[in-house]
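# Fold and contact review
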Amino acid sequence: MKRYRHGLVLGKFYPPHAGHHHLVRTARDRCDRLTVLVCAASVESIPLDARTAWMSEVHPDVRVVGAVDDIPVDLTDPAVWDAHMAVFRSAVPERVDAVFTSEAYGEELARRFRADSVCVDPERTVFPVSGTAVRNDPVGCWDFLEPPVRAALARRVVVLGAESTGTTTLAEALAAHYRSRGGVWSRTAAVPEYGREYSERKLAALRAEQPGAVWSDVRFAGDDFPLIACRQTERENAAARIGSPVLICDTDAFATTVWHERYLGGRHEEVARIAAAGRGDLWLLTDHEGVPFEDDGLRDGEHLRPWMTARFAGELTRTGRRFVTVTGPHHQRLATAVAAVDELIAEGWHFAAPLPARGGDAPVPEFR
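Residues numbered from 1 in each chain as written. Predicted model: local features only at pLDDT ≥ 70, side-chain atom pairs only at ≥ 80, totals over all residues. Heavy atoms only, no water.

### A look at unusual backbone geometry
For the peptide bond that leads from Tyr14 to Pro15, omega is -10 degrees, which places it in the cis range. Assignment of secondary structure puts Pro15 in the loop between strand 1 (4-11) and helix 1 (18-29). We note that Arg114 has phi near 55 degrees; this positive angle belongs to a residue other than glycine. Positionally, Arg114 belongs in the loop between helix 4 (106-112) and strand 5 (116-119). Taking relative accessible area as the criterion, Arg114 reaches 70% and is therefore assigned exposed. The backbone of Ser164 shows a phi angle near 55 degrees, a positive value even though the residue is not glycine. For Ser164, the location among the structural elements is in the loop between strand 6 (155-161) and helix 7 (167-179). (Helix = DSSP H or I, 4+ residues; strand = E, 2+ residues; numbered from the N terminus. Buried < 20%, exposed > 50% of the residue type's maximum accessible area, 1.4 Å probe, protein only.)

### Considering the environment of Arg30
In this structure, Arg30 sits in the loop between helix 1 and strand 2 (31-40). It is 9.2 Å that separates the C-alpha atoms of Arg30 and His6, two residues lying 24 residues apart in sequence. In contact with Arg30, other than residues within four places in its own chain, are Met1, Lys2, Arg3, Tyr4, Phe100 and Val118. At a separation of 3.0 Å, a polar atom in the side chain of Arg30 contacts the main-chain carbonyl oxygen of Lys2. (Contact = heavy atoms within 4.5 Å. Polar contact = N/O pair within 3.5 Å; in protein donor to acceptor, adjacent residues only side chain to side chain.)

### Considering the packing of aromatic side chains
Across all of its chains, the model carries eleven aromatic pairs by this definition. Both rings, one in Tyr14 and one in Phe351, keep their centres 6.2 Å apart while their planes meet at 85 degrees; by these two values the pair is edge-to-face. Placement of the pair is Tyr14 in the loop between strand 1 and helix 1 and Phe351 in the segment after helix 13 (330-346), with a sequence separation of 337 residues. With 6.1 Å between their ring centres and 45 degrees between their planes, Tyr178 and Trp185 make a pair best called tilted. We note that Tyr178, like Trp185, is buried. Aromatic ring contacts, followed pair by pair, group Trp215, Phe220, Phe225, Trp259, Tyr263 and Phe312 into a single cluster. The side chain of Arg155 reaches across the aromatic face of Trp349, ending 4.7 Å from its centre. The ring of Phe220 has Lys202 lying over it, and the distance from NZ or CZ to the ring centre is 5.5 Å. (Phe/Tyr/Trp six-rings, centres within 6.5 Å; stacked < 30°, edge-to-face > 60°. Lys NZ or Arg CZ within 6 Å of the ring centre and 35° of its normal.)

### A word on the sheet that holds strand 4 (residues 98-101)
Judged by pairing direction, the sheet is parallel, and its five strands sit side by side in the order 3-2-1-4-5 without closing on themselves. Both outer strands of the open sheet, strand 3 (63-68) and strand 5, are each paired with one neighbouring strand and no more. Each strand axis lies, on average, 25 degrees off the axis of its neighbour in the sheet, ignoring direction. Here four bridges tie strand 4 to strand 5, and the two strands are oriented parallel to one another. When the bridges of strand 5 are listed, Thr101 appears paired with Cys119. Relative to strand 2, helix 1 is tilted by about 150 degrees, and along the sheet it contacts strand 1, strand 2 and strand 4. (Pairing = 2+ DSSP bridges. Axes fitted to C-alpha atoms, helices over the stretch in contact; angles between N-to-C directions.)

### Description of helix 13
Between its first and last C-alpha, helix 13 extends 24 Å over 17 residues, near the 24 Å set by a 1.5 Å rise per residue. All of the buried residues in helix 13 are Arg333, Leu334, Ala337, Val338, Ala340, Val341, Leu344 and Ile345. Buried residues in helix 13, looked at end-on, bunch into an arc of 165 degrees, giving them a common side. Turned more than 90 degrees from where helix 13 packs its buried face, His331 and Ala346 sit exposed. Residues of helix 13 that are buried make contact with strand 6, helix 7, strand 8 (246-250), strand 9 (282-286) and strand 10 (323-326). Where helix 13 ends, the next residue or the one after it, Gly348, has phi of about 80 degrees, a positive value. (Expected span 1.5 Å × (residues − 1). Arc of directions from axis to C-beta.)

### Some words on the packing of helix 10 (residues 253-264) against helix 11 (residues 269-276)
Between helix 10 and helix 11, the least distance of the axes is 7 Å, while the angle of their chain directions is 155 degrees. Considering the angle they form, helix 10 stands roughly antiparallel to helix 11. As for the relative orientation of helix 10 and helix 11, their crossing is left-handed in sense. Judged by residue contacts, Ala253, Phe254, Thr256 and Thr257 of helix 10 engage Val271, Ala272, Ile274 and Ala275 from helix 11. Tallied by class, residues from the contact of helix 10 with helix 11 come to six nonpolar, two polar and no charged. (Parallel < 35°, antiparallel > 145°, perpendicular 65-115°, else oblique. Left-handed = near helix turned anticlockwise from the far one by under 90°. Nonpolar A, V, L, I, M, F, W, Y, C, P; charged D, E, K, R; others polar.)

### A few points about the sheet that holds strand 10
Here we have five strands laid out as an open sheet, ordered 7-8-6-9-10, and parallel in their pairing. The open sheet has two free edges, formed respectively by strand 7 (190-191) and strand 10, since each of these has just one partner strand. Where strand 7 and strand 8 come together, two bridges link them in parallel fashion. When the bridges of strand 8 are listed, Val191 appears paired with Cys249.

### A word on the confidence of the model for the protein chain
Taken residue by residue, the protein chain gives an average pLDDT of 94. The fraction at 70 or more is 97%. Here residues 360-364 scores under 50 on pLDDT; set against residues more than four positions off or in separate chains, the count is seven contacts. (pLDDT = per-residue confidence, 0-100.)

So, in structure tokens, the structure goes:
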């Protein structure tokens, strides 16, 4: 089997899937050096920098470069080919010895690079998936996606509310409901509240110095809340990488902005920045009405519950976040939550269509 000094894999990777990665790994095994060129049209939903980052993470031993290519596709027009090649050559000016593809256009692409054409699994027998299939049905193709793509596509549902309003109970029950559906849903996770773990450690540290200390003796500082928001987000992102198409979160960085206000008053800019970068899709606000307050040793705000419920609702509304308030007994809250999440999932992922092929409705090649 011939070995090459410098190979090229070119594609849209919109989004990347197992077939793309098989192509890259096959090419890497046959080349001393491999370049993966990610081409993205500006009309597409997934940014170019995200796609290049995903490919770089999955393939750290190859060079990944990106290029914006807004030229319509017409494989029968030499002038259009010339225009595309100008984009490709600008991104990869070095000598290319082999072009690896799984498409019929591979021969012409390689000829224009003055390189060998190597066709890999053109019938998609190893991984029966395509970019079009992933965009049309991410859930059905979930097992063909790598962790960074799953993390980006997973629908994130946040359960939040005042103290002792059943947020953890609802988050865990909601995750269990989706796991019970089996298949890809069996990996649905509920990300626990990091702030509670942090609070437990804070109380334990105080008791080591002052035996007999209680929760009301604990004091928070401004630096505590950015740390809580950051750790919560890190755990959420880690869980999204290995979970199902929906991720349940027991609070998030946005909720931490209100908790900061509850303990220290006012706004913390760093917490707000972390919250603004979050990826939540739906928030479920647990109402305090009808839920008895239980002091578990880390709570002292029964009198603040109406205020906190109102603040959460107000901030969710002000920031334009999609939310549903869940009320009533637990079974009613769970039913409301499931209906809201099912509606979110049923709406789909709404990928923008790639550039249309010139000359009508012919499918646009995926460059694998």
